[in-house]
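Examination of the molecular architecture
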Amino acid sequence: MTIIAGPCSVESREQLGEVATALAGVPQVKLIRAGVWKPRTRPGAFEGLGEVALGWMQELSAELDVAFCCEVARPEHIELCRTYGIHTVWIGARTTTNPFMVEEICSALKDGGMDVMVKNPVCPDVRLWIGAIERIEASGARCTAAIHRGFYLYNNQGYRNAPMWEVALELRRHRPDIPILCDPSHMGGQRELVGQLAATAMQLDYDGLMVETHPHPERAWSDGQQQITPSELLSLIGKLPSSQSSTASSRLSTLQPLRGQIDTVDHELLRLLAHRMDISRRIAHIKQQEGIPVYQSGRWNEVVADRLGMAEDLGLEATFTKEILERIHAESIRVQMDRTDGRK
Ligand code: PEP
Ligand code: MN
């Protein structure tokens, strides 16, 4: 379990020293985050202290034997991080959204020696996220983690950035080699949500967390409402399940029989789907011979009504059933339209 913690922004030598001293003694905290250049949505807000903050990070890193990381958004930021001995950086959500900016940053990464973490893009497009990781790898730098901080949607259902966990799981499917960390602070946008989002991430087997931690959140210059204190971080860490513990592994082994049943059911579902598509191909052949159009809305409405009735009796959720039926129907139509699809 990797925990990265630290303030949204560096505000003063004292603030950074206070939080870094508190975090230095926490074994799970592997890196201290500290924003130096802040991407602000509207002009006029605090945009970070820049180079002077890097100097304090370098001094504290030697004094307390801790490592710092910060967000970079321009090639010059990489150069400055190198100058001040910062070897881990992250690409922020707004930057990941823009391949031109990622490429520019990569031009400065070519000299090697940097570990780079990539936050998800602002919009829920997993390909942009994967693309940024690939660009970084192509530059010769190491991509050491993907950070899931949620997505901006018009209706975020109470979150600052909607989690849309499925997007991060899709990333994991494509890149199982990249550790995924959850940033519950930018996801929730309020400290009351941080604990529950972190717990969900652990349920989904994330590799760690990035948590905004400030010695005095109520006085923070940015993102005060979502930051927690070092002692609140300690209690959050204490509540996380430890995947190494023997109780966790024995719990896992009791799951085995049920997981075996799930495997059997999935295999059966796939065989049934293949069978259903085979029937669709035979229907397509007859429709073609008889000149009957592929799509028959009357028949489809009957199918939906029948299956939804059955789903209700079985206790299956209606929206879920409808989505699956529509997806199967779309595939059936594709199979029927594909005249080149050879009959088995
Ligand atoms: C941050 O981590 O301080 C930050 C600005 O994050 P994001 O890129 O996720 O908005
Ligand atoms: Mn922040």
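Computed from a predicted structure; not experimentally measured. (Residues numbered from 1 in each chain as written. Chains lettered and ligands numbered in written order. Predicted model: local features only at pLDDT ≥ 70, side-chain atom pairs only at ≥ 80, totals over all residues. Heavy atoms only, no water.)

As a further point, take the overall build of the protein chain. In terms of helices and strands, the protein chain carries 13 helices and eight strands. C-alpha extents for the protein chain along the principal axes are approximately 80 × 45 × 35 Å. Buried positions account for 44% of the 344 residues belonging to the protein chain. Excluding contacts between residues fewer than 6 apart, the proportion of contacts in the protein chain whose partners are at least 24 apart in sequence is 72%. About 18500 Å² of surface is accessible on the protein chain, with carbon and sulfur atoms providing 55% of the total. (Helix = DSSP H or I, 4+ residues; strand = E, 2+ residues; numbered from the N terminus. Buried < 20%, exposed > 50% of the residue type's maximum accessible area, 1.4 Å probe, protein only. Contact = heavy atoms within 4.5 Å. Areas by Shrake-Rupley, 256 points an atom, 1.4 Å probe, with all protein chains shown as cover.)

Here we come to the coordination of the manganese ion (ligand 2). Donor atoms from the polypeptide that bind the manganese ion (ligand 2) are Cys 8 (SG), His 186 (NE2), Glu 212 (OE) and Asp 223 (OD), placed at 2.1 to 2.4 Å. Written as a sequence motif, the donor arrangement for the manganese ion (ligand 2) is C-x177-H-x25-E-x10-D. Remark: His 186 occurs in helix α8 (residues 184-188) and Cys 8 occurs in the loop between β1 (2-6) and α1 (13-24); sequence separation between them is 178 residues. Per residue, the accessibility class of Cys 8 equals that of His 186, and both read buried. (Donors = N, O, S within 2.8 Å, 3.2 Å for Na, K, Ca; no water.)

With that settled, consider the side chain of Lys 287. Mapped onto the secondary structure, Lys 287 falls in helix α11 (residues 246-290). At 12 Å, Glu 302 is the nearest oppositely charged side chain to Lys 287, a buried residue that forms no salt bridge. Beyond its immediate chain neighbours, meaning those up to four positions away, Lys 287 contacts Ile 292, Pro 293, Val 294, Gln 296 and Gln 336. (Lys, Arg positive; Asp, Glu negative; His and termini not counted. Salt bridge = Lys/Arg side-chain N within 4 Å of Asp/Glu carboxyl O.)

One closed barrel holds the eight strands; their spatial order is β1-β2-β3-β4-β5-β6-β7-β8, and the pairing between them is parallel. Within the sheet, the average angular offset between the axes of one strand and its neighbour, ignoring direction, is 30 degrees. In this structure, strand β6 (residues 142-148) lies alongside strand β7 (residues 180-182), joined through three bridges in parallel fashion. The residue bridging Ala 146 from the neighbouring strand is Ile 180, located in β7. Against the sheet, helix α6 (residues 126-139) makes contact with β4 (88-91), β5 (115-119) and β6, and its axis sits at roughly 160 degrees relative to β6, the strand it touches most. (Pairing = 2+ DSSP bridges. Axes fitted to C-alpha atoms, helices over the stretch in contact; angles between N-to-C directions.)

Attention now moves to helix α12 (residues 297-314). Spacing of three or four residues puts side chains on the same side of an α-helix, whose turn is 3.6 residues. Here α12 is 18 residues long and its end C-alpha atoms lie 26 Å apart, about the 26 Å a rise of 1.5 Å per residue gives. Those residues of α12 not exposed but buried are Trp 300, Val 303, Val 304 and Ala 311. Buried positions in α12, seen along its axis, are confined to an arc of 100 degrees and lie on one side of it. Set apart from the buried face of α12 by more than 90 degrees, the exposed residues are Arg 299, Asn 301, Glu 302, Ala 305, Glu 312 and Asp 313. Contact partners of the buried residues in α12: α13 (318-337). Just beyond α12, the residue with positive phi is Gly 315, at close to 80 degrees. (Expected span 1.5 Å × (residues − 1). Arc of directions from axis to C-beta.)

Before going further, it helps to spend a moment on the site of ligand 1. Surrounding ligand 1, one finds Arg 33, Lys 38, Pro 39, Glu 71, Trp 90, Gly 92, Ala 93, Arg 94, Lys 119, Arg 149, His 186 and Glu 212. Here Ala 93 contributes a backbone N or O atom positioned 2.9 Å from an oxygen atom of ligand 1. At 2.9 Å, a side-chain N or O of Arg 94 approaches an oxygen atom of ligand 1. Taking 290 Å² as the accessible area of ligand 1 by itself, protein coverage stands at 98%. (Near = heavy atom within 4 Å. Polar contact = N/O pair within 3.5 Å; in protein donor to acceptor, adjacent residues only side chain to side chain.)

A positive phi angle, near 45 degrees, is found at Met 164, a position not held by glycine. Here Met 164 shows up in the loop between β6 and α7 (165-174). Taking the relative accessible area as the measure of exposure, Met 164 reaches 24% and is therefore partly exposed.

Purely geometric numbers; function is a separate question.
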